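Structural features, examined
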Amino acid sequence: MSYCVNCGVELDDSAKACPLCNTPVLNPNEMLKANAIAPFPKEKAPVEEIRRTDLGWLVSTVALATAVTCGMLNWLVFRQNLWSLAVIGACVLIWVILFPLVIYHKWTPYIYLLLDGATLLLYLYLIARMVEKYEWYDGLGIPIVLWTLAVLELLTFAGRRLPKGILAGGLYFFTALAMLCVGIEVIIDDYLEGPISLGWSAVVLTVCVIIDIAIITMLSRRRLRDAVRRRLHF
Amino acid sequence: MVERKEWYKLDLSAIVYPTLQRRDFSSVYRLSVLLKEEIQPELLQKALDRTMPRFPTYKVAIRRGLFWRYMEPNDRPGPFVKPDIGNPCQPMSFRGQNRYLVRVYYYHNRISFEAHHSLGDGTGGMCLLMTLTAEYLRLLGHEEIKNGGFVLDVNEKPDPEELEDAYMRYAKSKICPPRPGEKTYRVRGTKEPFYTLNIIDGIMPTSEVVKVSKKYQASITEYLNAVLLYALLQKQAEDRHFSLRPVRIAMPVNLRRFFPSKTLRNFITMVYPGVDPRLGEYTFEEIVTQVHHYMRYYVNDKFLRADITTNARTQSHPLIRIVPLFIKDLVVRSFYAKVQDRNSSAGLTNMGAMAVDESMKPYIERFDICMGQPFSSRTNCAVISFQDTLTINFASSIVEADVERYFFRKLVKDGIHVKIESNREEPDYHLNKLLREE
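**Remarks on the overall build of chain A**
Secondary structure summary: chain A contains 7 helices and 2 strands in total. If you list the helices and strands of chain A from N to C, you get β-β-α-α-α-α-α-α-α. The C-alpha radius of gyration computed for chain A amounts to 29 Å, which surpasses the reference 17 Å derived for 234 residues by more than 25%, pointing to a less compact arrangement than a globule. Dimensions of chain A, computed from the C-alpha atoms along their principal axes, are close to 95 × 45 × 30 Å. Looking at the 234 residues of chain A, the share that counts as buried comes to 30%. Restricting to contacts in chain A with at least 6 residues of sequence separation, those with at least 24 account for 47%. With an accessible surface of roughly 15700 Å², chain A has 69% of that area assigned to carbon and sulfur atoms.

Next comes the structure, spelled out in structure tokens:
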């Protein structure tokens, strides 16, 4: 039987410190109470995951119904061109994007992003086939999708593996934004066969660099970081 | 014979709880009984299977309608007894664990019962737990255990009055007083990860608390309320805020004391005793006096009836009734977060002295009650007593235990012998965590 020297309350035999003030229990007469039963079990249970199968079914049925009815309409009524392919492709795209949210979320997000990118590329190819013009697809579509995909994968990696926090999150986001804009402008310049030079993306880049420098300063100066946390806590 | 109902409307209080449901929050409370022997899980499961059909409003699933949620009988297998866990009162999804909204745990000599608040209040839950315990003890061979009080006869058909929404029967006041809506002091702290619920139990002799309360010329509830207010005032003073706020406690009152009903569903309303430090510094004696007079003034059938009428009128307003559920959810949730939750600095509930039949007393050591996870980062306090053991339970989801410390230190100062039990992790864990964050 021990008492907290600080609070004056009796403590449980299994307690190593007072739960109220964290003062350690040091009772020289009763050092060997390791077998005392703790008042609460140590094991924590994870919160039960709920499978959202109903929503998954709803999304799948609606997407499938839209695709089938548009296909039928195109086949039987409005036969001018293959317009229904655009709708069907969009349905597939939406379904693939929603797949990890409502149906299956056991894989890592990197795979889902790859799947989304691949579907988007296929969809753009479908549109290119429909209009029978491929230059924009080769020159703009593929590079922009691949570049966005690469930036998103990097952002996901940073969010999951690198240090976390509001400030760090901001740093990753603005860096990714700058990379994305610069990349897109380079790709557009290359497609238009003009000289590769930074225009509008230079403005985004400058703003992002300024924000990044501010964030890095805040992160590296502990006092500053604490002050920001204190003032921004909610 | 009572025909089995196909569905039940949610009662007046129960409507609010499901709207507050988040991935990391459910209004779940826990009642525990500590016996004198180790629990045998197989027998407990058997007892539970015998007990549940007697409580049709607890053997239900909650479903969404277009305008309101409702409860429908749940015939899926379960609920199943499980070994206890270190993070009790976990969020309870309406679709998890075969849609049951009750859980039963065992740990050494303790049986714990958790229920979603939309099924019923502490009194209803206690009836289920006590009936379960009586049935378990009978299975152990203690045939002499009698029914009565909280223990219901499992072979009897449920009385229709047990399933009623008693609010509607008594909400007949001629005027509706406005709801209080002043911003109060809020305890701030470092949030724990959402699956952690910090519990601190203070166990003390009832006789000592009665003696001290008498010294202050107050009841136990009034005295403990005053101690909690005192602790919160100290915490606010230590926080060094620019402007002080009133400190108020949300305290549920069991309406069955004033309006006879056998209902096992919710039948409580809130009163808010408090003090305003902006008026000047309160001594502890002054806080006790303030709480004492507040309770004597407000806790009577007239005021309480008017209070439930206000709520009932809102619910039965035709315009409110035809609004689709998701809009109601949005409005109720934001009202709760902006007004109701800020209206009090902490919660305190007192189940009072547990009335247990003489035949059952020898097998019970004590009771424990936990109000569950608070909606915002504050502390919830729950009190229950059995014979000469009074248990005060604090549940919070923040790292700091300042309010609890001030509270129990005041009790110790007043000469009460307090024993503390907790599920909090050792301090070096917190230190390591802080170092890791650096």
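**Describing the sheet that holds strand 4 (residues 69-73) of chain B**
Residues and elements named next belong to chain B. The 3 strands lie next to each other as 1-4-3, forming an open sheet whose pairing is antiparallel. Two strands in the sheet have a free side with no partner beyond their single neighbour: strand 1 (8-9) and strand 3 (60-64). In the sheet, strand 3 pairs with strand 4 via 5 bridges, with the strands oriented antiparallel. From the neighbouring strand, R64 faces strand 4, where its bridge partner is R69.

**Some words on the sheet that holds strand 6 (residues 102-107) of chain B**
Residues and elements named next belong to chain B. In spatial order, the strands read 5-6-7-2-13; together these 5 strands make up an open sheet with mixed pairing. The sheet is open, and its two edges are formed by strand 5 (81-83) and strand 13 (364-370), each paired on a single side. With strand direction ignored, the average angle separating the axes of adjacent strands in the sheet is 20°. Note: strand 2 (residues 28-35) against strand 13, 6 bridges, orientation antiparallel. Bridge pairing in strand 13 links L35 to I364.

**Some points on the domain arrangement of chain A**
The domain architecture assigned to chain A consists of domain 1 (1-41), domain 2 (52-133) and domain 3 (163-234). Averaged C-alpha coordinates put domain 1 of chain A and domain 2 of chain A at centres separated by 62 Å.

**Considerations on the confidence of the model for chain B**
Across chain B, the average pLDDT comes to 89, with 96% of residues at 70 or higher. Among the prediction metrics, the complex's ipTM stands at 0.81, with pTM recorded as 0.74.

**Details of the interface of chain A and chain B**
Across the contact, 33 residues belong to chain A and 38 residues belong to chain B. With both sides pooled, the region where chain A packs onto chain B buries about 3100 Å², and carbon together with sulfur makes up 57% of that total. Considering only the surface of chain A that becomes buried against chain B, L20, F40 and K44 of chain A emerge as the three largest contributors, covering 23% of it. Counting across the chain A and chain B interface gives 1 salt bridge. Across the salt bridge formed by D12 of chain A and K419 of chain B, the nearest N and O atoms sit 3.9 Å from each other. Counting every contact that joins chain A to chain B gives 9 residue pairs in polar contact (both at pLDDT 80 or more). Counting only elements with at least two residues in the side of chain A that touches chain B, the list comes to strand 2 (10-11) and helix 7 (222-232) of chain A. When the residues that make up the side of chain A that touches chain B are grouped by side-chain class, the tally is 17 nonpolar, 4 polar and 12 charged. Note: strand 2 of chain A against strand 16 (residues 419-422) of chain B, 2 bridges, orientation parallel.

**As for the state of the cysteines**
Residues and elements named next belong to chain B. Taken as a whole and judged by the stated rule, the model has 0 disulfides over all chains. Summary of cysteine pairing: C89 is not part of a disulfide, and the nearest cysteine sulfur, belonging to C370, is at 4.2 Å. Residue C89 is classed as buried on the basis of its relative accessible area, which comes to 3%. C89 provides the cysteine sulfur closest to C127, a residue in no disulfide bond, and the two sulfurs are 19 Å apart. Under the relative-accessibility criterion, C127 is labelled buried at 8%.

Cut-off values and rules
Residues numbered from 1 in each chain as written. Chains lettered and ligands numbered in written order. Predicted model: local features only at pLDDT ≥ 70, side-chain atom pairs only at ≥ 80, totals over all residues. Heavy atoms only, no water. Helix = DSSP H or I, 4+ residues; strand = E, 2+ residues; numbered from the N terminus. Rg over C-alpha atoms; globule rule 2.2 N^0.38 Å. Buried < 20%, exposed > 50% of the residue type's maximum accessible area, 1.4 Å probe, protein only. Contact = heavy atoms within 4.5 Å. Areas by Shrake-Rupley, 256 points an atom, 1.4 Å probe, with all protein chains shown as cover. Pairing = 2+ DSSP bridges. Axes fitted to C-alpha atoms, helices over the stretch in contact; angles between N-to-C directions. Domains from an automatic or database assignment. pLDDT = per-residue confidence, 0-100. Buried area = accessible area lost by both parts, 1.4 Å probe. Salt bridge = Lys/Arg side-chain N within 4 Å of Asp/Glu carboxyl O. Polar contact = N/O pair within 3.5 Å; in protein donor to acceptor, adjacent residues only side chain to side chain. Nonpolar A, V, L, I, M, F, W, Y, C, P; charged D, E, K, R; others polar. Disulfide = S-S within 2.5 Å.

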